[in-house]
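Chains, contacts and geometry: an overview
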Amino acid sequence: MRDLNECKKEVFKRSEIRLKKRRKQKAVMLGLIVPLIAISAVSIIFYPKLSAVGANMNNSAEMAQASSLSFQELEFMPILSTDDSAVILIKDKEKVEAAYLKINSFFENQKGVGTSFDSPEKSESTVESEDEENFQEQFLLTFLGNEMREFLLDGNTLTNQNTMQTVVLTDKQVLEIQEFFQ
Amino acid sequence: MDNGASSYRRFLSGDESAFDEIMNEYFHSLVFFINRYVYDVHTAEDIAIDVFSDLIVHKRRYNFKVSLKTYLFMIARSRALDFLRHKKVLTIVDICEVKEISDDEKELEEIIFSNERKRTVADAIEKLPNEMQIAVHLVYFEELSYQQAATVMKKSRKQVDNLLYRAKKELKNILGKDGQELLL
């Protein structure tokens, strides 16, 4: 058996070693945690800005695509109407393109005041539920030219039939669309 | 008596001699207690050194809710059980070494049990099942209360009560008529 003093020395020696080991581990942990926190902070600060830049780039790409399209005709057709005379056909190229740009702008500004973005599934269900009571207010807007674009105006809901994007319009915006056909 | 808590407080406030006091007071009884688990004085000594080293390394871990003695025995128990859990290799011990070890045990017993009466009881205790040995050791030799012994052994007070009742019965059988008065 060891002498008690010898054991005391051993206790202090072991404690010293363990404390050194702990300090080393702490230093390693700090060395890892500090850069991690820095990276997270940088990503939190800059990610929204980067995503905004990305969104702007997407918007400008859409704008560029929209401006490259040229439409000659616009057909305004009330759905479920059996009356052929209810279909309005606009052949004024300037007016057609103005209508297209106007409608397109509603989708581009979908995060703006008065408009909101719904998923296609939700808009479909809205169409179904409103079908029965409000079918007179459903219109199909078809732009014809080097390409074809179709929009469904269902009450205040406007759906791009090509992309299935949906926006809920204000009454004023609905009137702005209807003005093209008066 | 606060079972070392005031010494530990002094140690925390920078008085190194207080740690010596704690070691003088509890080191040997801790080695003897650990030996009840590991059956090897050298290993028990090694574990006891680690237990005291714990007190220095994790200074704020002891929260003074139990006595320092109880706390030390709790760490000792868990370290001894850890040792047994991680002990994978069976070592073959030389016969001379066995003699040496048993001499060490006797030396330790002499340090712990100053009187013959306690030593006789201690010899009888060796024949008890391990759990009973530990309960008897904590209550009769370390003079811990039933509750403190239960805390160290991680058992309920009732369980310790039962263990001690059965241990007493067994000891009476082992010690016979002459030894019965030793238990009183």
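Residues numbered from 1 in each chain as written. Chains lettered and ligands numbered in written order. Predicted model: local features only at pLDDT ≥ 70, side-chain atom pairs only at ≥ 80, totals over all residues. Heavy atoms only, no water.

1. So, the overall build of chain A
Per the secondary structure count, chain A includes four helices and seven strands. When the helices and strands of chain A are listed from N to C terminus, the series reads α-β-β-α-β-α-β-β-β-β-α. Counting all 182 residues of chain A, 28% fall into the buried class. Relative to all contacts within chain A whose residues are 6 or more apart in sequence, the contacts with residues 24 or more apart total 58%. (Helix = DSSP H or I, 4+ residues; strand = E, 2+ residues; numbered from the N terminus. Buried < 20%, exposed > 50% of the residue type's maximum accessible area, 1.4 Å probe, protein only. Contact = heavy atoms within 4.5 Å.)

2. Details of the overall build of chain B
Each helix and strand in chain B was counted, giving nine helices and zero strands. Going from N to C terminus, chain B has its helices and strands arranged as α-α-α-α-α-α-α-α-α. Put simply, 65% of the contacts in chain B that link residues at least 6 apart link residues at least 24 apart. Here chain B has roughly 10000 Å² of accessible surface; of this, 49% comes from carbon and sulfur atoms. (Areas by Shrake-Rupley, 256 points an atom, 1.4 Å probe, with all protein chains shown as cover.)

3. Overview of the interface of chain B and chain A
Tallying the contact residues gives 23 residues for chain B and 13 residues for chain A. Taken over both partners, the interface formed by chain B and chain A buries close to 1800 Å², and the fraction arising from carbon and sulfur atoms is 60%. When residues of chain B are sorted by the area they lose upon contact with chain A, B:E45, B:I49 and B:V57 head the list and together hold 31% of the total. Scanning the region where chain B abuts chain A turns up three salt bridges. Between B:D46 and A:R14 there is a salt bridge, with the nearest N and O atoms lying 2.4 Å from each other. Broken down by secondary-structure element, the contributors of at least two residues to the side of chain B that touches chain A are α2 (16–38), α3 (41–57) and α5 (95–112) of chain B. With 11 residues, the top contributor of residues to the side of chain B that touches chain A is α3(B). Looking at the side of chain B that touches chain A, its residues break down into nine nonpolar, five polar and nine charged. (Buried area = accessible area lost by both parts, 1.4 Å probe. Salt bridge = Lys/Arg side-chain N within 4 Å of Asp/Glu carboxyl O. Nonpolar A, V, L, I, M, F, W, Y, C, P; charged D, E, K, R; others polar.)

4. Brief notes about the confidence of the model for chain A
Residues and elements named next belong to chain A. This prediction gives chain A a mean pLDDT of 76; 72% of its residues lie at or above 70. Mean pLDDT values for the elements of chain A range from 45 in helix α3 (residues 120–134) up to 87 in strand β6 (residues 157–160). Here residues 112–135 is a poorly scored stretch, pLDDT under 50, and it has 33 contacts once near neighbours within four places are set aside; other chains count. (pLDDT = per-residue confidence, 0-100.)

5. So, the nonpolar core
Residues B:F27, B:I34, B:F52, B:L55, B:L72 and B:L138 are the most contacted members of the largest nonpolar core, which totals 58 residues. Take this core: its biggest share by element is 12 residues, from α2(B). Each residue touching B:L138, except ones within four places of it in the same chain, is listed here: B:F33, B:F73, B:E143, B:L144, B:A149, B:V152 and B:M153. Of all hydrophobic cores here, the second largest spans 22 residues; its members include A:Y100, A:F139, A:L158 and A:I177. (Core = buried A, V, L, I, M, F, W, Y, C linked by side-chain atoms within 4.5 Å.)

6. Brief notes about the packing of helix α7 (residues 130–141) of chain B against helix α8 (residues 146–153) of chain B
For any two helices packed against each other, the geometry comes down to the angle between their axes and how far apart the axes lie. Residues and elements named next belong to chain B. Here α7 crosses α8 at 135°, and the two axes come no closer than 9 Å. Between α7 and α8, the interaxial angle falls into the category oblique. Helix-helix and strand crossings are classified by hand; for α7 and α8 the assignment is right-handed. On α8, the residues touching E131, I134, A135, L138 and V139 of α7 are Y146, A149, V152 and M153. Among the residues making up the contact of α7 with α8, the classes are represented as eight nonpolar, no polar and one charged. (Axes fitted to C-alpha atoms, helices over the stretch in contact; angles between N-to-C directions. Parallel < 35°, antiparallel > 145°, perpendicular 65-115°, else oblique. Left-handed = near helix turned anticlockwise from the far one by under 90°.)

7. Quick word on a positive patch on the surface
The grouping of A:K20, A:R22, A:R23, A:K26 and B:R61 at the surface amounts to a positive patch. Along the chain, A:K26 falls in helix α1 (residues 4–68). The class for A:K26 is exposed, based on a relative accessible area of 55%. (Patch = residues over 30% accessible without salt bridge, like charges linked within 9 Å, V, L, I, M, F, W, Y side chains within 5 Å. Lys, Arg positive; Asp, Glu negative; His and termini not counted. Charge placed at Lys NZ, Arg CZ, Asp CG, Glu CD.)

8. A look at helix α2 (residues 93–108) of chain A
Residues and elements named next belong to chain A. Its 16 residues give α2 an end-to-end C-alpha distance of 22 Å, which sits within 8% of 22 Å, the value for a rise of 1.5 Å per residue. Within α2, burial applies to V96, A99, Y100, I103, N104, F106, F107 and E108. Where α2 begins, the capping side chain belongs to D92, and its oxygen is found 3.2 Å from the backbone nitrogen of E94. (Expected span 1.5 Å × (residues − 1). Polar contact = N/O pair within 3.5 Å; in protein donor to acceptor, adjacent residues only side chain to side chain.)

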